[in-house]
Structure formats: C-alpha cells, structure tokens
Protein chains: 2
Amino acid sequence: MTTPAVAADLGWALGAVYRGYLKATEAVLSGLPGGPRGHQVLIAARDGTACSQVALAQWLGVDRTVMTYLIDDLEREGLVERRPDPTDRRARRLVITEAGNARLAEATAALGRVEDHVLAPLGESEREVLRDLLRKLATRQEHEDESACAVVKDIAEMEDRIPPC
Amino acid sequence: MTTPAVAADLGWALGAVYRGYLKATEAVLSGLPGGPRGHQVLIAARDGTACSQVALAQWLGVDRTVMTYLIDDLEREGLVERRPDPTDRRARRLVITEAGNARLAEATAALGRVEDHVLAPLGESEREVLRDLLRKLATRQEHEDESACAVVKDIAEMEDRIPPC
DNA sequence: TATTGTTATACTCTATAACTATA
DNA sequence: TATAGTTATAGAGTATAACAATA
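A brief look at the structure comes next. (Residues numbered from 1 in each chain as written. Chains lettered and ligands numbered in written order. Predicted model: local features only at pLDDT ≥ 70, side-chain atom pairs only at ≥ 80, totals over all residues.)

**Quick word on the overall build of chain A**
For chain A, the helix and strand inventory stands at seven helices and two strands. Counting from the amino terminus, chain A carries its helices and strands in the arrangement α-α-α-α-β-β-α-α-α. Counting all 165 residues of chain A, 41% fall into the buried class. For chain A, contacts bridging at least 24 residues in sequence account for 53% of all contacts bridging at least 6. (Helix = DSSP H or I, 4+ residues; strand = E, 2+ residues; numbered from the N terminus. Buried ≥ 20, exposed ≤ 12 C-beta atoms within 10 Å, placed from the backbone. Contact = placed C-beta atoms within 7 Å.)

Quick look at the structure:
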C-alpha cells in the first residue's frame, strides 16, 4: 500500500500522531500509574493547580470517577496526597510528595525523549511551531478573525466548556 | 483554576485537541458506523488503497479483528462491498458502493465543518502549517537532520512499522 | 437544591486465542 | 510454516447510577 488518500485527513493524522505518542510512552513510562495521564496529575499536584478532583478531571478529559481511581493508584505508591480543602470541605486538594517529585522528574525526562522521537521528522523550528499551535488549540486561545467560525456555533454549544477553578 | 502547568505538556495538548476533534465528530457523524474511522475506511475503499483488511487496519491503528466488525457494519448499510482479491484468494478488496460514495461526500462535508470548528483559534496560514506538520509526523517523512533522533532508536525499534501493501 | 468525592455496576472498545482458507 | 479473515471470549478503559458529606 502506497501512502493512501486518508493521509490527507486531519482526523487521521491527529489520531496517528496521538497513537504514536501513547505507544512510545508505554515503553518508557511503564511503572507510573496512569501513564502519561498520571504524569499530568503529578504536574498539577506539584503546581497546586489541582484544587479539586473534578476540575482536574475536566482538564485531563476524563470522568471524575476515573480521577478517583487514578489518584488512588498514585496515592498508594506515595506519589501524591489528598488534603482537605480548607475553603470547601467537600473538595480535596492534591499535593505532591517528595517521592512524587522524584518520579515526576524521571517521567518528565523520559517524556522528553519520547517527544524527541515523535517529533523526529521535524526540524527544530518546526517542532516549536507545532507545540505552539497545539497549545493554542488545546487552550482555545481565540484568534482575532473568528468570522469563519459562525457555521460551527452549533457544534461548540454541544461541548463542555473547561471550567475555571 | 487558571491555565495550569500541564498546558505546556505536548502529550496533554495532543490529547486535548484529539478529544475535542472526536467529540465534535460525534455531533455530526452520528449515523455513520465507526464515526471518523468509518469515514477513513470509506476513503480507502473509494481510492482502492484498501487492498487488504490487515493493511488498512494498520493504517488506521486498529487490530484486524476490529476491522472485521467495522467493515461488517459498513457493508450491512450497503456502503462498501468485500470483493475477493484475484491475486490472493485469502484477501478481500474493499470497494465503495454508490450509496457509500454519497455518504462519503456527506461525511467529508460534515468533517470539514468539524475541522473549521477545531481549528477556529488559528488563522488561515496557521491551519495549513498545522496540517502539514501533522501529516509529516503521521506519515513519518524523515527530516534531513535526523541526528537528534539517536537517543530514541530503542523506542523506535519497539514500534510496529507501517507495512507496504 | 446542587456539588464533591466515592463505590458498585454496566457498557464500550479493543485485544487475545482459536479456527478455516489460502499462500 | 506463515498469513488473511472470521468468530468467540476476555480484558482494559470508561461511563452511569446511587450514595454520603457538604455547600
């Protein structure tokens, strides 16, 4: 099979790159509960941006019940702790432990190598451009000229918005 | 929660954009078996690049057993047909039907709107750059300067290569 | 009344194993 | 012996529903 027509499809390219990334992380992040998602939880726990489990779950694109299991696993390995939120006794604040910080550093280094591998076909400047564009899309920082978006307003309304903390 | 540190992570951005894409396709591709993956099968069936189910499965990043179920659904709706490969009687060649061509046109138009929505934060030129970079990564067209890739050769060796037809 | 977090349960998706038919 | 495709089965991941505690 030569390069098929489906290669022109944005959804296919996005999926192929994402699968490649996930596959490469498996080889390198096998010990960390939740894989790359666990790494993302550790980042949020370190920076104190995980002010509630639901908010974090929405940022990571999973259900809050999944977040419970994921944090259970990380806590069992002593990487994070659940602390009661002083301002809302229903909520739990995630804090990273010393062991968690060490594992986070390891995982970040390992993921750096994975990114080098995934982005290998690109030059240095291209990699930076791609990172910026993806970040812009993921955080949905709006471009000035938004007129072309009118036709898809109905799609946008069906989606959950990422909530503030 | 303000924009958290995890937003700087490539894996997170990739996942967030991909989830956003999949979610948007649900709203617009609900009738098509397999959703965007079904659309990708239709493209391959139309272009005759689906010379065997396994080869197609590997391009779409799924197991060959999943491909069987997916094609079953598409065939049941009369969108594709399985034809015996004259050169290898074990293999099946996918061909698109007239109804399949019509559905493919609809789906392609719908996905165009989805892409407009997903890419809304970017300007016209940025969108083209992103498409090119993702396509390059997905097809792994190697960049001239590949020296930086040495450290991750071990990761590459653990991955399945996309096979020729 | 709504929300956070948890648990138990069910569902969806995907992979594994075993088989037939070809090569 | 290896591969294409199918089927049945098992597993991973995820979501749904119900609950207690709190807002």
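**A word on the protein's contact with DNA strand C**
Near DNA strand C you find 18 residues, and of these A:Gln53, A:Thr65, B:Asp63, B:Thr65 and B:Arg89 are the closest. Considering every element that reaches the surface near DNA strand C, the biggest residue donor is helix H4 (residues 64-76) of chain A, with four residues. Residues that form the surface near DNA strand C fall into these classes: five nonpolar, five polar and eight charged. (Near = placed C-beta within 6 Å. Nonpolar A, V, L, I, M, F, W, Y, C, P; charged D, E, K, R; others polar.)

**Focus on the nonpolar core**
Ranked by internal contacts, the top residues of the largest apolar core, which has 91 residues, are A:Val17 and B:Val17. Once residues lying within four places of it in the same chain are set aside, the contact partners of A:Val17 are A:Val118, B:Leu14, B:Leu134, B:Leu137 and B:Ala138. (Core = buried A, V, L, I, M, F, W, Y, C linked by C-beta atoms within 7 Å.)

**Brief notes about the protein's contact with DNA strand D**
A:Asp63, A:Thr65, A:Arg89, B:Gln53 and B:Arg90 are the nearest of the 18 residues found near DNA strand D. Taken together, the elements giving at least two residues each to the surface near DNA strand D come down to H4 and strand E2 (88-96) of chain A together with helix H3 (53-60), helix H4 (64-76) and strand E2 (88-96) of chain B. When residues in the surface near DNA strand D are grouped by element, the largest group, four residues, is from H4(B). Partitioning the surface near DNA strand D into residue classes produces five nonpolar, five polar and eight charged.

**Describing helix H2 (residues 36-47) of chain A**
All names here are of chain A. Helix length check: H2, at 12 residues, gives a terminal C-alpha distance of 17 Å against a target of 16 Å (1.5 Å per residue), a fit within 8%. With 10 of its 12 residues buried, H2 lies for the most part within the structure. By the burial criterion, the buried members of H2 are Pro-36, Arg-37, Gly-38, His-39, Gln-40, Val-41, Leu-42, Ile-43, Ala-44 and Ala-45. Where H2 ends, the next residue or the one after it, Gly-48, has phi of about 70°, a positive value. (Expected span 1.5 Å × (residues − 1).)

**Here we look at the environment of B:Ala16**
Looking at the element boundaries, B:Ala16 is found in helix H1 (residues 10-28). For the pair B:Ala16 and B:Glu26, spaced 10 residues apart in sequence, the C-alpha to C-alpha distance is 16 Å. In contact with B:Ala16, not counting residues within four places along its chain, are A:Gly61 and A:Ala138.

**What to know about the packing of helix H2 (residues 36-47) of chain B against H4(B)**
Residue and element names in this part refer to chain B. Running from N to C, H2 and H4 cross one another at 75°; their axes reach a closest spacing of 11 Å. In terms of orientation, H2 and H4 fall into the roughly perpendicular class. Within the contact between the two elements, H2 uses Arg-37, Gly-38 and Val-41 and H4 uses Leu-70, Ile-71 and Leu-74. For the contact of H2 with H4, the residue count by class is four nonpolar, one polar and one charged. (Axes fitted to C-alpha atoms, helices over the stretch in contact; angles between N-to-C directions. Parallel < 35°, antiparallel > 145°, perpendicular 65-115°, else oblique.)

**Some thoughts on helix H5 (residues 98-118) of chain B**
Residue and element names in this part refer to chain B. Look at H5: 30 Å from first C-alpha to last across 21 residues, which is about the 30 Å you get at 1.5 Å a residue. Buried residues of H5: Gly-100, Arg-103, Leu-104, Ala-107, Ala-110, Leu-111, Val-114, Glu-115, His-117 and Val-118, and no others. Projected down its long axis, H5 carries its buried residues within an arc of 150°, all on one side. H5 presents Glu-98, Ala-102, Ala-105 and Ala-109 as exposed residues on the side facing more than 90 degrees away from its buried surface. (Arc of directions from axis to C-beta.)

**Regarding the packing of helix H1 (residues 10-28) of chain A against H1(B)**
Working note: a packed helix pair is described by the angle between its axes plus the distance between those axes. Where H1(A) meets H1(B), the axes come as close as 10 Å, and the angle between the chain directions of the two elements is 140°. Taken as axis vectors, H1(A) and H1(B) run oblique relative to one another. H1(B) is crossed by H1(A), and the crossing has left-handed handedness. Note on element contacts: H1(B) touches H1(A) through B:Gly11, B:Leu14, B:Gly15, B:Val17, B:Tyr18 and B:Tyr21, opposite A:Gly11, A:Leu14, A:Gly15, A:Val17, A:Tyr18 and A:Tyr21. (Left-handed = near helix turned anticlockwise from the far one by under 90°.)

**What about the pairing of strand E1 (residues 80-85) of chain B?**
Residue and element names in this part refer to chain B. Bridge analysis of E1 against E2 gives six bridges, and the strand direction is antiparallel. Following the sheet pairing, Arg-82 is matched in E2 by Leu-94. Connecting E1 to the next strand, E2, in antiparallel fashion are two residues. (Pairing = 2+ DSSP bridges.)

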